[in-house]
Amino acid sequence: MLTYDLIVIGFGKAGKTLAAKMATQGKKVALIERSKAMYGGTCINIACIPTKTLLVAAEKGLSFEEVMAEKNAVISRLNGKNYAAISSAGVDIIDAEAHFLSNKVIEIVAGDEKQEITAENIVINTGAISNILPIPGLTTTKNVYDSTGIQNLSTLPKRLGILGGGNIGLEFAGLFNKLGSKVTVLDAADTFLPRVEPSIATLAKQYMTEDGIEILQNIYTQEVKNDGEEVLVIAKNEIFRFDALLYATGRKPNIEPLKLENTDIQVTDRGAIQVDKHCQTAVSGVFAVGDVNGGLQFTYVSLDDFRVVFNYLAGDGSYTLENRKYVPTTMFITPPLAQIGLTEAQAKEQGLPYATKEIPVAAMPRGHVNADLRGAFKAVVNTETKEILGATIFSKGAQEIINILTVAMDNKIPYTYFTKQIFTHPTLAENLNDLFAI
């Protein structure tokens, strides 16, 4: 049996970073990845990077074929770069599927070849997979795709249906709309973007509708089937016809191939691996990082999981999940919609002394310079402590501006500071001066 100091299962952000870091410190490290197409993890191969590359390419007015070629070139480049970086750090990269035989013994399988390996420390970094709702015909009907499959189409569908009105569904709706598809979003929820400030959500729906995207709420899909090459979505009292269908109904932790039943590792009722504040499972020395541990499914959260585990293994263990501060998010629709902290409704629900202010982008000089007046900024502040409770930035560049507020909130900088902050001009960020003049 081969013995390592550290085994990492999965090539995601947290795992690959930890593998390289520990290897450079002289540890014997193995990283197991079952698919060469996933070197570097979900983000660079099937999620953040390819989808944003597609969006940027589409905004340049490139053809569908050119857009796909650009995406494939970026993925190939980053996939190879990740392999080279981890390998050159001294990590043994093993192309195989891994599952547990016991708490610290892993069997790796590559074709007909099997081998047992063990390590003092093991990190599970297997990410998440598409959540498949129990809708008859969803997985057996032609021209139906999840968020990975839809990125590999050879032709642009004239009519694209999307099941789900969350981040993934809406980002793909905007992308394929720009490429020229007629997009219809079928959302089972009765409210569009229910976790977003209602005034901002209303604007977002208005803009998407103006761009030609049809958004339907309260659609309960009962069956999916083919009529020739067409995809039929059968809902209550309605039938929708598309050339292709994307189901974007969430993602769930990818634990099934691991055979955790052979271990003492515990799983939550939501199917995630249960961890403590150090990302450690119920088995000492076995950790779960990234999407598989049930946390927020963002690559930057996975990177923070790396910090937690590395601090535990090579530091004093003082940095834990309990130290994690505010996590900003951005939905890459048009314009981007970024959020951090509490909404007004959440502040009210918590009984906090709060005040709010909202400013439309149409009132901002840079909006006129950009000839893009869509969007608004909204802030929620604590009137007693002067802390920023939350903010929503819905504008061009929102994904950058939100990071300014993250720094302020993490460091408890009072919102009044922003009224005197000197910003460059003309920028959208300078409007934080006015936003916090509450």
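Note that this is a predicted model, so its numbers are computed, not measured.

So, about the environment of Lys 386. Summarising the element assignment, Lys 386 is placed in the loop between β21 (376–382) and β22 (388–394). Overall, the relative accessible area of 34% leaves Lys 386 in the partly exposed class.

On inspection of all chains with the given rule, the structure shows 12 aromatic pairs. Seen in terms of ring centroids, Phe 11 and Tyr 39 are 5.5 Å apart; in terms of plane orientation they differ by 55 degrees. Their pairing is tilted. Of this pair, Phe 11 sits in the loop between β1 (2–9) and α1 (13–24) while Tyr 39 sits in the loop between β2 (29–33) and α2 (42–46), placing them 28 residues apart in sequence. Measuring from ring centre to ring centre gives 6.5 Å for Phe 418 and Phe 423, while their planes differ by 10 degrees; the resulting arrangement is stacked. The residues Phe 418 and Phe 423 share a single accessibility class, namely buried. Here a set of aromatic residues connected by ring pairs shows up, and it is made of Tyr 415, Tyr 417, Phe 418, Phe 423 and Phe 436. One Lys or Arg, Lys 28, reaches over the ring of Tyr 4 and ends 4.9 Å from the middle of that ring.

This brings us to the domain arrangement of the chain. Parsing the chain into structural domains produces domain 1 (1–127 + 250–321), domain 2 (142–245) and domain 3 (327–434). Counting residues at the interface gives seven residues for domain 1, matched by five residues for domain 3. Among the residues of domain 1 in contact with domain 3, Lys 52, Leu 55 and Tyr 300 are the three that bury the most area, contributing 63% of the side total. Our enumeration of links across domain 1 and domain 3 arrives at zero salt bridges. On the surface where domain 1 and domain 3 come into contact, there are one residue pair in polar contact (both at pLDDT 80 or more). Where the side of domain 1 that touches domain 3 is concerned, the elements lending two or more residues are α3 (48–59) and α7 (299–314). Its residues assigned to classes, the side of domain 1 that touches domain 3 shows five nonpolar, no polar and two charged.

Another point: unusual backbone geometry. Cis geometry marks the peptide bond from Thr 334 to Pro 335, where omega comes out at -5 degrees. Looking at where Pro 335 falls in the secondary structure, it is placed in the loop between β18 (329–331) and β19 (337–341). Put simply, His 425 and Pro 426 share a cis peptide bond, and its omega is -5 degrees. Positive phi, normally seen in glycine, also occurs at Asn 143, with a value near 65 degrees. Its place among the elements puts Asn 143 in the loop between β7 (128–130) and β8 (144–145). One non-glycine residue with positive phi stands out, namely Leu 193, at about 45 degrees. When you line up the elements, Leu 193 lands in the loop between β10 (182–186) and α6 (198–210).

Thresholds, definitions, all that
- Residues numbered from 1 in each chain as written.
- Predicted model: local features only at pLDDT ≥ 70, side-chain atom pairs only at ≥ 80, totals over all residues.
- Heavy atoms only, no water.
- Helix = DSSP H or I, 4+ residues; strand = E, 2+ residues; numbered from the N terminus.
- Buried < 20%, exposed > 50% of the residue type's maximum accessible area, 1.4 Å probe, protein only.
- Phe/Tyr/Trp six-rings, centres within 6.5 Å; stacked < 30°, edge-to-face > 60°.
- Lys NZ or Arg CZ within 6 Å of the ring centre and 35° of its normal.
- Domains from an automatic or database assignment.
- Contact = heavy atoms within 4.5 Å.
- Buried area = accessible area lost by both parts, 1.4 Å probe.
- Salt bridge = Lys/Arg side-chain N within 4 Å of Asp/Glu carboxyl O.
- Polar contact = N/O pair within 3.5 Å; in protein donor to acceptor, adjacent residues only side chain to side chain.
- Nonpolar A, V, L, I, M, F, W, Y, C, P; charged D, E, K, R; others polar.

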